[in-house]
Amino acid sequence: MTCLEKRMKPQIKRTLSNFFFEYETPRKVLVRNKRVAVVCRIIQMGVLAYIIGWVFMYERGYHAIDIAIGSIFTKMKGVSFTNISGKERIWDAADFVFPEQGDSSFVVMTNYIATVGQKQDKCPELPDGKNKNKCMSDENCDEGKYKRTGNGHMTGRCISNTSTCEIYSWCPVEDDRQIPDPPILLTAENYTLFIKNSITFRQFNVVRSNLVESVNQSYINTCLYHPKTDPLCPIFRLGDIVERSGFNFSEIARVGGAIGVLIDWDCNLDLSIRHCKPKYEFYGLYGTAKNDKEEKPSLGYNFRYAKYYVENGVEKRTLMKVFGVRIDIIVHGRAGKFDIIPTLTAIGSGVGIFGVATVVCDLLLLYFVPERDFYKNMKFKHTEIPEEKPALPQSQTEKDLPKVTYHSNLCSRRSL
Amino acid sequence: MTCLEKRMKPQIKRTLSNFFFEYETPRKVLVRNKRVAVVCRIIQMGVLAYIIGWVFMYERGYHAIDIAIGSIFTKMKGVSFTNISGKERIWDAADFVFPEQGDSSFVVMTNYIATVGQKQDKCPELPDGKNKNKCMSDENCDEGKYKRTGNGHMTGRCISNTSTCEIYSWCPVEDDRQIPDPPILLTAENYTLFIKNSITFRQFNVVRSNLVESVNQSYINTCLYHPKTDPLCPIFRLGDIVERSGFNFSEIARVGGAIGVLIDWDCNLDLSIRHCKPKYEFYGLYGTAKNDKEEKPSLGYNFRYAKYYVENGVEKRTLMKVFGVRIDIIVHGRAGKFDIIPTLTAIGSGVGIFGVATVVCDLLLLYFVPERDFYKNMKFKHTEIPEEKPALPQSQTEKDLPKVTYHSNLCSRRSL
Amino acid sequence: MTCLEKRMKPQIKRTLSNFFFEYETPRKVLVRNKRVAVVCRIIQMGVLAYIIGWVFMYERGYHAIDIAIGSIFTKMKGVSFTNISGKERIWDAADFVFPEQGDSSFVVMTNYIATVGQKQDKCPELPDGKNKNKCMSDENCDEGKYKRTGNGHMTGRCISNTSTCEIYSWCPVEDDRQIPDPPILLTAENYTLFIKNSITFRQFNVVRSNLVESVNQSYINTCLYHPKTDPLCPIFRLGDIVERSGFNFSEIARVGGAIGVLIDWDCNLDLSIRHCKPKYEFYGLYGTAKNDKEEKPSLGYNFRYAKYYVENGVEKRTLMKVFGVRIDIIVHGRAGKFDIIPTLTAIGSGVGIFGVATVVCDLLLLYFVPERDFYKNMKFKHTEIPEEKPALPQSQTEKDLPKVTYHSNLCSRRSL
């Protein structure tokens, strides 16, 4: 029986039993060096504090996160009364909200330029101050062309009394050179906006509405949102929204503007669902808010729409250039709940960072301490490869290893 | 030639050769202790099973994730026939869908209160049951004011036969005290909704439509969505949508309600793109669904819109208070594809967690096993700092280190 | 005074002082084996290069990421002139954009089928080529029923000259069997689209508009978007958008189509905010773009809307079947900024991966190198549990441990 055979027989059995019954743990040097030890402990405790305090407690690293899917319904209420050169008129929500069906993004009209009774016809182009539409003779008006800033197709004639080209268009042409000031519907400030918001955290199977437990029907009937006193009331005064987003109402009402209303949900679902409440925030969009000092291009917010009708068999329209407050309601929902995966990932990552602390301490110990060479000797054991089978390593390892194992290994090395 | 000079000369060369030709590996103790070893192996294999089974196979930790950008187009089809006190009327999609252009969020009218022929005028405010608008004399009606619940500007007169203030408003005032029951357009149940949904995973450069390979033109012409038999058919019966979201159709049709339709894409792009298919889910929004037992405030869904016309030179409007089913279609798309970064991150994190297992085992070995002190001695080597240059450490390290290295280090320590 | 008492007294003090003044560092073997060392260093440097190069520099693993909340306002400009059988007509933005208020998703009409003067009446159903609506006698027309593809309620009569059922409907019924070719508003190609986009990175408190520093009012007045020469100009020609998304304009104008305009923000907030600029991308939705070779079901984009009016006391409507280019503007904003948490997480994960490298090198060293048994002996120290208190371990550990510590431990082991 050769040495090889002896070894091979119980090999598999031994490997298995080794695997299950032997446990390997790194050998360590305990360094009794106050300076190094204290510095290292401080680094390690800093890392530990960071992992526990910041990752776990502040950032809630043990949380699985879900982003909400939200749905919004809005309803404006309010009435405005205008008296333009003796013509009284009342405006209600059906008149001043676009679109009408309660979308999350809508415009509240605060000012307008109405051009009543337009019909398809020929009429002179609008003379604007900058001479852009000016013409001296028919040659300036190319038939069948239209200008980017123009309102219709040029017929080729230059009208002498306005000094502009004649165009085929909806006539008369809208004259929007003067924006009504003060804005016609300045009382829009008192309109109220009711927001219904439903959010769904699919991962956690949670559906939640901004009409939380404390918001019941009688509260809704009377409340008005205020960040301090009524932070959960879903009814907002338009003037308040505008002021809180940094605009001046009379200014925004004149030329229009856009405001974002953010409904922010940050829910910890480890606690009772009752603590999952919305927060409302308001900010000016497109950098047009007052607190933005630089002058920005393309201020204001306006659009045109037409109301069509037939009069004496002729199709006509009333063109409205609407200036208004556009409100974009945005839901930002985020819920966290304890979950084993992110917890273990955070721990695993933390152990990794702990490893960094050890590396730093070792560098300190091995390169920056006066006794570094002593510690190097303690920490490292040098080997020279026994390529010429020297006597040295054999005698050296002998001291370190139990006799039994050593001999079996020696056997294998000799017989190979 | 001093000791220092001798050391400095080949220093850089040695450092480099050390770095490239020396490999350091931790020294370990192999502990032959069945209890500890078995416990540790179980912990380690649990960690390994968790990393492989859960992180890699179940959560697909090797996947880079992209969230879809989606676009939706909808089209309702259907016709309703109503006969209100002898007046027959047909309603088609252009009449009952708001807005008309096929948005992802829209309302299907199922009930309405129409107020035909409103014009700007003076008329008495609506008497409501709760005496909110009631007046006894002109003093109750402040001229020029309007109430939050009112419909217009008060003129200052109290109308005796209705006991309400006279207002300047769109007259006659809408009377919405009675919601038609049964709902006027109850046949809306049979309308069909066609959804086209396109999603884009930008990171993976994949564009996908809900009209997948198996959905061809002839299938679309005849199919109707059913979660079991036709889960990919993009045509939905309105009644089915309502029922599946937990509502009762005749109830929601009367007062209105909001429903979320979720198109859920969860794609594994390591497989063929053909397996990337949408799933449709339906749920009630705003907690108004039937399965929500508590009574919630602000039930229903309604909005007002006006159709304007000119009659004999007077602007009039037909005001519609529309009750309907609002449908919000939401896309939730998520695709995963193998990527080296998340794979390595998951492995790195897993190794970190493995480190936790080792820490636990070491605690066990060093503090809870009867032979703990023996193992402590095996694992740890103590050092006392040679602050007074004692003879002890020198002789102690001598045994552990090859002569060559030791002497070079001794040299450096003495000369510094 | 027993051995136990002696030990217990200064126990807590010693534990504390041990904890603070002792530092433990793993003992290592320095293996002077060129093959192993070089392979290991290469692996380690590869891992290091990956962590630094890829995770940190390319993927910016040290960045905290925030996703933008965006808001969009659009404005179309342009005029079209049509001459249909002598009837001249001009179309401006109020006529061809749906919805009118400048939403992020809108439709530009390019073609239409108008059915003027519909009123509630009885009329024959439209005969379609496929005989779907055909009837031979009154028995084919169930009174009070309606077909999924039909336009109204059947009255029960079969009209002989059209061979279709009589229906109660908006009459006359729309005839959409022929789509106008060439499209009526082919000049829509020259319309311009102005996009205002505001994004907010809440986490970093940054608000940004697509009208960046270099885009001032005078530039906006004259510029036109071009990916090379004017990549920041917010004004787009409709024809360009269509071409860049892979469609043919005359084709899309005829049957309609949907296009996604992506505004992509990828901002590194460690740099100046001026470098945070949008990129515009265009792509065809619903797989209808030219570069998609397979024929897909349900091409085109159309919807119907009605303009209501009252004529001689009868409610009428003009039904428009609108074909057009639907444009969905989508914001995809992502900002990164240096943050300590993701940095440490990336480092921790990197250290973990480094651990993998060490494991691989150890496997190499212990199983694939000819001198593997020698290294095994160097690396591992075997212990046999002193269950029968053998003399062996005691003498063995003696060599490894300083006398002082050893005796204190010996004491504790004996007295327990």
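Nothing here was measured: the structure is a model prediction, and the numbers come from that model.

Let's talk about the interface of chain C and chain B
Reasoning step 1: Between chain C and chain B, the residue contacts involve 89 residues of the former and 76 residues of the latter.
Reasoning step 2: Between chain C and chain B lies a buried interface of about 8100 Å² when both sides are counted; carbon and sulfur atoms form 58% of it.
Reasoning step 3: Along the contact surface separating chain C from chain B lie six salt bridges.
Reasoning step 4: Of the charged contacts, one joins Asp92(B) and Arg317(C) as a salt bridge, the two residues approaching to 2.6 Å between their closest N and O atoms.
Reasoning step 5: Counting the contacts that link chain C with chain B gives 17 residue pairs in polar contact (both at pLDDT 80 or more).

Some words on the relation of the copies chain C and chain B
Reasoning step 1: Note on the copies: chain C fits chain B at an RMSD of 0.2 Å, the axial shift is 0.0 Å, and the rotation between them is 120°. One copy is carried onto the other by what is essentially a three-fold rotation axis.
Reasoning step 2: Taken as a fraction of all interface residues of chain C, those also at the interface in chain B reach only 19%, which identifies the copy contact as different-surface.

Some details on the UniProt feature "binding site: ATP" (unreviewed entry) in chain A
Reasoning step 1: When the UniProt feature table is mapped onto this chain, "binding site: ATP" (unreviewed entry) is found at Lys75(A), Met76(A), Lys77(A), Thr192(A), Asn302(A), Phe303(A), Arg304(A) and Lys321(A). Taken along the chain, the residues just named run across 247 residues; in space they spread out, the farthest C-alpha pair reaching 24.1 Å.
Reasoning step 2: Note on placement: Lys75(A) falls in strand β4 (residues 69-77).
Reasoning step 3: Not counting residues within four places of it along the chain, the set of residues in contact with Lys75(A) comprises Thr192(A), Leu193(A), Phe194(A), Asn302(B) and Arg304(B).
Reasoning step 4: With respect to the helices, strands and loops of the structure, Lys321(A) is situated in strand β17 (residues 314-338).
Reasoning step 5: When near neighbours in sequence (up to four residues on either side) are disregarded, Lys321(A) contacts Asn111(A), Tyr112(A), Ile113(A), Glu174(A), Asp176(A), Asn302(A), Phe303(A) and Arg304(A).

Remarks on the packing of helix α8 (residues 340-368) of chain A against helix α8 (residues 340-368) of chain B
Reasoning step 1: One can describe the packing of α8(A) onto α8(B) by two numbers: an axis separation of 7 Å at closest approach and a directional angle of 80°. If you check the angle between α8(A) and α8(B), you find them roughly perpendicular. Each of Leu344(A), Thr345(A), Ile347(A), Gly348(A), Ser349(A) and Val351(A) in α8(A) lies in contact with α8(B), whose residues at this interface are Ser349(B), Gly352(B), Ile353(B), Gly355(B) and Val356(B).
Reasoning step 2: Its residues assigned to classes, the contact of α8(A) with α8(B) comprises five nonpolar, six polar and no charged.

A short note on the side chain of Glu174(C)
Residues and elements named next belong to chain C.
Reasoning step 1: Relative to the assigned elements, Glu 174 resides in the loop between β10 (164-171) and β11 (192-201).
Reasoning step 2: Owing to a relative accessible area of 7%, Glu 174 belongs among the buried residues under this scheme.
Reasoning step 3: For Glu 174, the side chain forms a polar contact with the side chain of Arg 304, separated by 3.0 Å.
Reasoning step 4: Aside from chain neighbours lying at most four places away, what touches Glu 174 is Ile 113, Thr 115, Gln 118, Leu 126, Arg 304, Leu 319 and Lys 321.

Rules behind the numbers
Residues numbered from 1 in each chain as written. Chains lettered and ligands numbered in written order. Predicted model: local features only at pLDDT ≥ 70, side-chain atom pairs only at ≥ 80, totals over all residues. Heavy atoms only, no water. Contact = heavy atoms within 4.5 Å. Buried area = accessible area lost by both parts, 1.4 Å probe. Salt bridge = Lys/Arg side-chain N within 4 Å of Asp/Glu carboxyl O. Polar contact = N/O pair within 3.5 Å; in protein donor to acceptor, adjacent residues only side chain to side chain. Least-squares fit on C-alpha atoms with pLDDT ≥ 70 in both. UniProt positions renumbered as here; feature names shortened; annotations may be inferred. Helix = DSSP H or I, 4+ residues; strand = E, 2+ residues; numbered from the N terminus. Axes fitted to C-alpha atoms, helices over the stretch in contact; angles between N-to-C directions. Parallel < 35°, antiparallel > 145°, perpendicular 65-115°, else oblique. Nonpolar A, V, L, I, M, F, W, Y, C, P; charged D, E, K, R; others polar. Buried < 20%, exposed > 50% of the residue type's maximum accessible area, 1.4 Å probe, protein only.

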